[in-house]
Amino acid sequence: MGLFSKDIKTMDDLFVHTLKDIYYAENQIHKSLPKMIEQASDAKLKQGLEMHRGETQGHIQRLEQVFKLHGVEVEGVDCPAIDGILEEAKEVTGEVADKQVRDAAIIALAQAVEHYEITRYGTLTAWAKQLGRNDCAALLQQNLDEEFAADSKLTKLAESGINQKAA
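Below is a short write-up of the structure. (Residues numbered from 1 in each chain as written. Predicted model: local features only at pLDDT ≥ 70, side-chain atom pairs only at ≥ 80, totals over all residues. Heavy atoms only, no water.)

## Some points on the overall build of the protein chain
Check the secondary structure of the protein chain and you find 5 helices and 0 strands. Listed N to C, the secondary structure of the protein chain is α-α-α-α-α in terms of helices and strands. For 167 residues, the compact-globule estimate of 2.2 N^0.38 gives 15 Å, and the protein chain sits close to it at 17 Å. Projected onto the principal axes, the alpha-carbon positions of the protein chain cover approximately 50 × 30 × 20 Å. In the protein chain, which comprises 167 residues, the proportion classed as buried is 44%. In the protein chain, once contacts between residues fewer than 6 apart in sequence are set aside, the share between residues at least 24 apart is 78%. Considering the protein chain, the positive charge centre built from 19 side chains and the negative charge centre built from 28 side chains are found 3 Å apart. (Helix = DSSP H or I, 4+ residues; strand = E, 2+ residues; numbered from the N terminus. Rg over C-alpha atoms; globule rule 2.2 N^0.38 Å. Buried < 20%, exposed > 50% of the residue type's maximum accessible area, 1.4 Å probe, protein only. Contact = heavy atoms within 4.5 Å. Lys, Arg positive; Asp, Glu negative; His and termini not counted. Charge placed at Lys NZ, Arg CZ, Asp CG, Glu CD.)

What follows is the structure, given as structure tokens:
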């Protein structure tokens with residue numbers, strides 16, 4: 001087995017590992033959002049990112065409930081994927097001087113984060129159901145629904161004029 005999967009032998013092990021992965025990711029996202037908010041110039045984008053930071057705190061709390069329901073310790077595992085996405089966001093936004101272009105970049109980078117979260121929550125929800133953990137699946141589905149909504153809101157912001165102003 002690989003570096004990140006040496007203790008994974010069962011579907012339950014895989015579920016718990018992936019749960020730890022998204023828990024780490026959500027915490028890293030929560031820490032990085034204030035910088036994105038600070039760098040955004042569009043008022044609606046700032047407001048949307050601030051709102052999503054609050055939702056992210058809710059995602060973390062739901063994940064903690066899933067850990068407890070499933071009878072495992074609340075902890076994260078390093079997630080190179082989210083670390084890479086967030087590092088790219090930091091680099092790109094730091095390189096863009098034009099505030100309107102930076103807003104378009106922030107949206108694109110935030111959507112990369114959302115898409116990662118959507119894949120994780122979709123998978124975890126399906127696995128929870130397969131493992132007979134409908135209680136956990138319901139909480140994970142709430143997070144998934146909010147991630148889809150956040151992605152949709154970002155698309156609407158981009159299409160409502162931010163991309164046009166950047167062009």
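## What about the environment of Lys153?
Residue position: Lys153 is located in helix α5 (residues 134–166). Residue classification places Lys153 among the partly exposed positions, given a relative accessible area of 40%. In the structure, Lys153 is positioned 32 residues away from Tyr121 in sequence and 18 Å away in space, judged by C-alpha atoms.

## Topic: helix α3 (residues 80–95)
Between its terminal C-alpha atoms α3 stretches 22 Å, which fits the 22 Å expected from 16 residues at 1.5 Å a residue. Within α3, burial applies to Ile82, Ile85, Leu86, Ala89 and Thr93. Take α3 and look down its axis: the buried residues cluster within an arc of 95°, on one side only. Looking at α3, the residues exposed on the side facing more than 90 degrees away from the buried face are Gly94 and Glu95. Buried residues belonging to α3 abut α1 (11–39) and α4 (99–130). (Expected span 1.5 Å × (residues − 1). Arc of directions from axis to C-beta.)

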